[in-house]
Amino acid sequence: MAVTGEPSSQLEHKGYNRGLILGLTMAESMLLLVFCLLLVAAAIINNERTQALKAQVDLKSVQQEMAVVQQELATARRERDAALLDLQTAEDKLKQAQEQLQALTLASVDREKFEKEWRDLQLAKQELQKLKNSGVTVEKIEEFQRTLVVLKENKLPEDAAALSARLKELRAAETSLAASKPHEWPPIINLSEADGNYFRSGSAELEASFEAKLRGAVSDQIADALQRYQVDVIEVVGHTDEQPISRRGSNLDQTVMDVLDGKKSIAGVVPADNAGLGLARAVSVANALKSEGKLKGATILPLSAAQLILPGDVITTGQAGAEETRRRIEIRIRRRNQEQQVAE
């Protein structure tokens, strides 16, 4: 029997310490281990349940997509069937058309008539092309035919010499008839300073409002008169009052042609008398009208009446003084002299 020097209470305490793990007994340690295993198992079960729920959601989504695909497939099948039906219908119609075409085959006599008409048509086409190449058009042929009808209705000769003589007689009769009737003259367009269409004193430059009126309402009125009266000459006449101009020198002779051609400005023109001032202002108005496309083709002539003519085409007897109604531009429209046209 071993003999120790330690008391029995201390020996019991050591034996008790041998049955502890981290201060726990074996039973308590086992309980703690079992509890940890239960926690792990619960986490695993919860994860499996989450995955199962997700799988169910994914399965439902896949089922919905499958339903949509099946609907689209059914629609595609119906469209395919409809297309096949249309194709079959088209083939049937084509077959019927071919059968009708075969049934409409021309007889030999009809075929010969058709071929003859085709040849005649081709020959006529060639002749028509020759006429076009020589400058003869369908309109000219129709006009010629109408002329022949008129000649026959009026019992006029159709040969050129006799017809020319008869036309001369008709023109002479027309001229005589026109001379016996009163003329309808184009209107005179009067643009006076009394109506606000003015120039600065001693100047031929157009005021902005006057120029705008010339390019607008006035040019429209002139274009309408050209068309209505079949005239082609526009006379722009500059008028002044009888106040004298106190200048000794003038450069009008040296500059007026360049201004009229658009090479120089009207601002550089210096007139020395009323005749020159009237002409310079007429040139300024004429240049404004020449720039309007609606008056293209008409001849525009700038003229000066100076201080000699009163409104109403009356020669002055020497009425001195400042009169706005006499400071004016008159636009007159007429037809070009016919004798000069023939000479040209």
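See the structure above.
Everything numeric here is computed off the predicted structure, so don't read it as measured data.

Trainee: Whenever I open this one, the sheet that holds strand S4 (residues 233-239) confuses me. Can you help?
Mentor: Strand pairing in a sheet takes place through backbone hydrogen bonds and is either antiparallel or parallel in direction. Strand order in this open sheet of 4 strands is S3-S8-S4-S5, and the pairing throughout is mixed. For this open sheet the edge positions go to strand S3 (189-192) and strand S5 (299-306), each flanked by a neighbour on one side alone. Shown here is a sheet whose adjacent strand axes are inclined to one another by a mean of 20°, direction ignored. Pairing of S4 with strand S8 (residues 328-334) involves 7 bridges; the strand directions are antiparallel. In the sheet register, Gly238 faces S8, and the bridge partner there is Ile329.

Trainee: Help me understand the pattern of salt bridges, please; the structure alone is not making it clear to me.
Mentor: Between side chains of opposite charge, a pair can form when the charged atoms approach closely. Tallied over the full model, the rule gives 16 salt bridges. Asp81 is the partner of Arg80 in a salt bridge, and the nearest nitrogen-oxygen pair spans 3.3 Å. Overall, the relative accessible area of 42% leaves Asp81 in the partly exposed class. Of the charged contacts in the structure, one is a salt bridge between Arg215 and Glu292, with a shortest N-O distance of 3.5 Å.

Trainee: Can you help me understand the environment of Pro311 in this one?
Mentor: Checked against the element boundaries, Pro311 lands in the loop between strand S6 (309-310) and strand S7 (314-315). Sequence separation between Pro311 and Arg326 is 15 residues, and the spatial gap between their C-alpha atoms is 6.5 Å. Discounting residues that sit within four places of it in the chain, Pro311 has contacts with Thr325, Arg326 and Arg328.

Trainee: Would you mind going over the nonpolar core with me for this structure?
Mentor: Note that soluble globular proteins tend to have their nonpolar side chains buried in a common cluster. Ranked by size, the top nonpolar core spans 25 residues in total, and within it Ile222, Ile234, Val236 and Ile331 carry the most contacts. Considering every element that reaches this core, the biggest residue donor is helix H6 (residues 208-229), with 7 residues. The contacts of Ile331, once residues within four sequence positions are left out, are Pro187, Ile188, Ile189, Leu191, Val218, Ile222, Ile234, Glu235 and Leu289. Counting 8 residues, the second largest nonpolar core, distinct from the first, contains Val256, Ile266, Val269 and Val283.

Trainee: I tried to follow unusual backbone geometry on my own but got confused; where do I start?
Mentor: Negative phi characterises most residues that are not glycine, and trans characterises most peptide bonds. The phi dihedral of Ala306 is positive, around 50°, even though this residue is not glycine. If you trace the backbone, Ala306 turns up in strand S5. Although it is not a glycine, Asp313 adopts a positive phi angle of roughly 60°. By the secondary structure assignment, Asp313 is in the loop between S6 and S7.

Cut-offs applied
- Residue numbers run consecutively from 1 along every chain, following the written order of its sequence.
- Reporting of local features is limited, given that this is a predicted model, to residues whose pLDDT is at least 70; pairs of side-chain atoms are given and counted only at 80 or more, and all residues count toward the totals for whole chains, interfaces and linings.
- The side-chain numbers reported here are obtained from all heavy atoms of the structure, hydrogens and water having been left aside.
- Two strands pair if DSSP finds at least two bridges between them.
- Secondary structure elements are taken from DSSP: a helix is a run of H or I of four residues or more, a strand is a run of E of two residues or more, and numbering for both begins at the N terminus.
- Working convention: axes come from line fits to C-alpha atoms, limited for helices to the stretch in contact. Angles between N-to-C directions cover 0 to 180 degrees.
- Between Lys or Arg on one side and Asp or Glu on the other, a salt bridge is scored when a side-chain nitrogen of the former is within 4 Å of a carboxyl oxygen of the latter.
- To sort residues, take the accessible area from a 1.4 Å probe on protein chains only and compare it with the maximum for the residue type: under 20% means buried, over 50% means exposed, and anything in between is partly exposed.
- Contacts are assigned to residue pairs that have any heavy atoms within 4.5 Å of one another.
- Among the buried residues, those of types Ala, Val, Leu, Ile, Met, Phe, Trp, Tyr and Cys that are joined through side-chain atoms within 4.5 Å form a nonpolar core.

Take it as geometry only, folks, not as evidence of what the structure does.
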